[in-house]
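# Breakdown of the fold
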Amino acid sequence: DLGRGLQGLGHRVQVLTMYDKGGYAAAMGREWGLPIRDLEMKRPGSRNPPAAVWRVLRGMWRLYRSLRADRIDVLQTFTHYSNMIGTVVGWAARVPVRVASQQNARRAAPRWMLRLDACVANSRCVHMMTAVSEATRRFSIETQGMRAEKVRTIYAGIDMDAVPPRPSGEARRTLRRRLGLPESGRILITVARLHPQKGHGTLIAAARGVCAEFPDVRFVWVGDGPERARLEAAVHAAGLDSAVILLGVRMDIWDLLAAADVFVLPSFWEGLPNAVLEAMAAGLPVAASRVDGCAEAVEDGVTGILVEPGDPVALGEAVRHILRDARLADAMSQAGRERVHRMFALRETVRCYNALYCGLLAKRV
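Residues numbered from 1 in each chain as written. Predicted model: local features only at pLDDT ≥ 70, side-chain atom pairs only at ≥ 80, totals over all residues. Heavy atoms only, no water.

### Remarks on the pairing of strand β4 (residues 97-102)
Across the six residues of β4, six count as buried, placing the element largely inside the fold. The side-chain alternation of β4 yields two buried faces, one formed by Val97, Val99 and Ser101 and the other by Arg98, Ala100 and Gln102. Where strand β3 (residues 74-76) lies against β4, three bridges are found, and the strand directions are parallel. Across the sheet, residue glutamine 76 finds its bridge partner in β4, namely valine 99. Between the parallel pair β3 and β4, the chain is carried across by helix α4 (residues 80-92), and the sense of this crossover is right-handed. In the sheet, β4 pairs with strand β5 (residues 128-131) via four bridges, with the strands oriented parallel. What sits directly across from glutamine 102, in β5, is alanine 131. Tracing the backbone out of β4, into helix α5 (residues 111-122) and back to the parallel element β5 gives a crossover that is right-handed. (Buried < 20%, exposed > 50% of the residue type's maximum accessible area, 1.4 Å probe, protein only. Helix = DSSP H or I, 4+ residues; strand = E, 2+ residues; numbered from the N terminus. Pairing = 2+ DSSP bridges. Right-handed = clockwise from strand over helix to strand, strands pointing away.)

### Notes on the packing of aromatic side chains
Applying the stated rule across the entire model yields four aromatic pairs. A ring pair is formed by tyrosine 353 and tyrosine 357, whose centres lie 5.9 Å apart and whose planes are at 50°; its orientation type is tilted. Of this pair, tyrosine 353 and tyrosine 357 both sit in helix α15 (residues 346-363), four residues apart, which is roughly one turn of the helix. By relative accessible area, tyrosine 353 is classed as buried at 4%. The exposure class assigned to tyrosine 357 is buried, which follows from its relative accessible area of 8%. Taken together, Phe78, Tyr353 and Tyr357 form an aromatic cluster joined through their ring pairs. (Phe/Tyr/Trp six-rings, centres within 6.5 Å; stacked < 30°, edge-to-face > 60°.)

### Focus: the sheet that holds β5
The strand order β3-β4-β5-β6 describes an open sheet built from four strands, whose pairing is parallel. Edge positions in the sheet fall to β3 and β6 (151-153), since each has one partner strand and no second. Strand-to-strand, the axes of this sheet are offset by a mean angle of 25°, without reference to chain direction. Examined bridge by bridge, β5 and β6 share three bridges and lie parallel to one another. What sits directly across from methionine 129, in β6, is valine 151. In the packing of helix α6 (residues 134-143) onto the sheet, the strands contacted are β4, β5 and β6, and the crossing angle to β6 comes to about 170°. (Axes fitted to C-alpha atoms, helices over the stretch in contact; angles between N-to-C directions. Contact = heavy atoms within 4.5 Å.)

### Overview of the layout of surface pockets
A volume near 360 Å³ is recorded for the second largest pocket. Around the second largest pocket, the lining is made up of 19 residues, and of these Arg166, Asp261, Pro285, Ala329 and Asp330 lie nearest the centre. Broken down by element, the lining of the second largest pocket gets its largest block of residues, six residues, from helix α14 (residues 326-343). Of the residues that constitute the lining of the second largest pocket, the class distribution is nine nonpolar, three polar and seven charged. (1 Å grid on protein atoms, 1.4 Å probe; cavity = no way out; pocket = protein on both sides within 12 Å on 5 of 7 lines; lining within 4 Å. Points joined across faces, edges and corners; volume = space filled by probe spheres on them. Nonpolar A, V, L, I, M, F, W, Y, C, P; charged D, E, K, R; others polar.)

### With respect to α6
Within α6, the full set of buried residues consists of Ala135, Thr136, Phe139 and Ser140. Around the axis of α6, the buried residues are gathered within 140° of arc, so they sit on the same side. The inward-facing, buried residues of α6 abut β4, α5, β5, β6 and α12 (294-297). Backbone geometry just downstream of α6 places glycine 145 in the positive-phi region, at approximately 90°. (Arc of directions from axis to C-beta.)

### What about the environment of threonine 202?
Mapped onto the secondary structure, threonine 202 falls in helix α8 (residues 200-213). A sequence separation of 66 residues divides threonine 202 from phenylalanine 268, and the C-alpha atoms of the two residues are 9.8 Å apart. Not counting residues up to four positions away in its chain, the partners in contact with threonine 202 are Pro266, Phe268, Gly310, Asp311, Pro312 and Leu315.

### Remarks on the packing of helix α3 (residues 49-69) against α4
Contact pair α3 / α4: the axes reach a minimum separation of 9 Å and the direction vectors enclose 45°. When the axis of α3 is compared with that of α4, the two are oblique. Between α3 and α4 lies a crossing of right-handed hand. Across the interface between the two elements, Val56, Met60, Leu63, Tyr64 and Leu67 of α3 pack against Ile85, Gly86, Val89, Gly90 and Ala92 of α4. Residues that form the contact of α3 with α4 fall into these classes: eight nonpolar, two polar and no charged. (Parallel < 35°, antiparallel > 145°, perpendicular 65-115°, else oblique. Left-handed = near helix turned anticlockwise from the far one by under 90°.)

### Here we look at the pairing of strand β12 (residues 304-307)
Residues Gly304 and Leu306 of β12 are buried on one face, and the alternating residues Ile305 and Val307, pointing to the opposite face, are buried as well. By the bridge criterion, four bridges tie strand β11 (residues 286-289) to β12 in an arrangement that is parallel. Residue serine 289 lies in a different strand from β12, and its bridge partner there is valine 307.

Structural data, given as structure tokens:
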């Protein structure tokens, strides 16, 4: 979205991915109208250490050659590992402006990794670090030791023009039928990778109480990850096989959000979860953990309900409270859309990044 927005301002944009985990690069390039190149730094499923090291080194060389050949003016990295690898390669390739980013507060990362991340951010390899939320910025400075003047908050943005209107009546039933979801009953959707960070275990513990009061509820999980087998076993042990639907990785997120009634995200830590912003943009009330950027995205009691992380009782009560009160859910739906439009619009994100890049370039002319 950022690349497409910058392209619309007249910039030449190229997207590079360290590796194409899901095989989606080509399809995403067509959908977004951007050239996407896979550096092939990793082969998913491979467990050959020498080959893995070779792929990383080869990918770094490919990145270096691309940056030099295409005469790149600005290099923006967007993941933890690309921050540490990409900015160093960008410095070696003499890219004029190199900007890294903090997508979340990595509270579970080992200390050596946080120190290395801060060491690179504070070095000449990085001119600026963007943080997706104020909480993430504070974590970067206070916990990791990054220099305050090098970390700037720029909220992620949602393209509200791309958000379809919420369907109702027969249109909604038709949509659910096409997606393979139950046509009746309430759908609680969670879009998140299956990882300990996201708190699916808390949701399983909360789900039994929700199902006891609302037997027609279905929990739809979108995403995949290393916790899938364990979570499937936990769902079975809790007797929730008929209530929890695991869809895996999907590309039709807007349709799935339109078919749902409530969005749930019980994370233990976050940056500024795009999934929550997308849910509010789609008109869903949100039940989420009061952590980091979640507390900046969700206005507690207005666009959703925030609870303490790891508290299944509070999470279950928050969900039931929304399900019990249709007028409250409708009010949260409207307030959520307005909040995203006011505070998290893509056009503002693009404007801020463009101003950052132009300002940094101007200092180096």
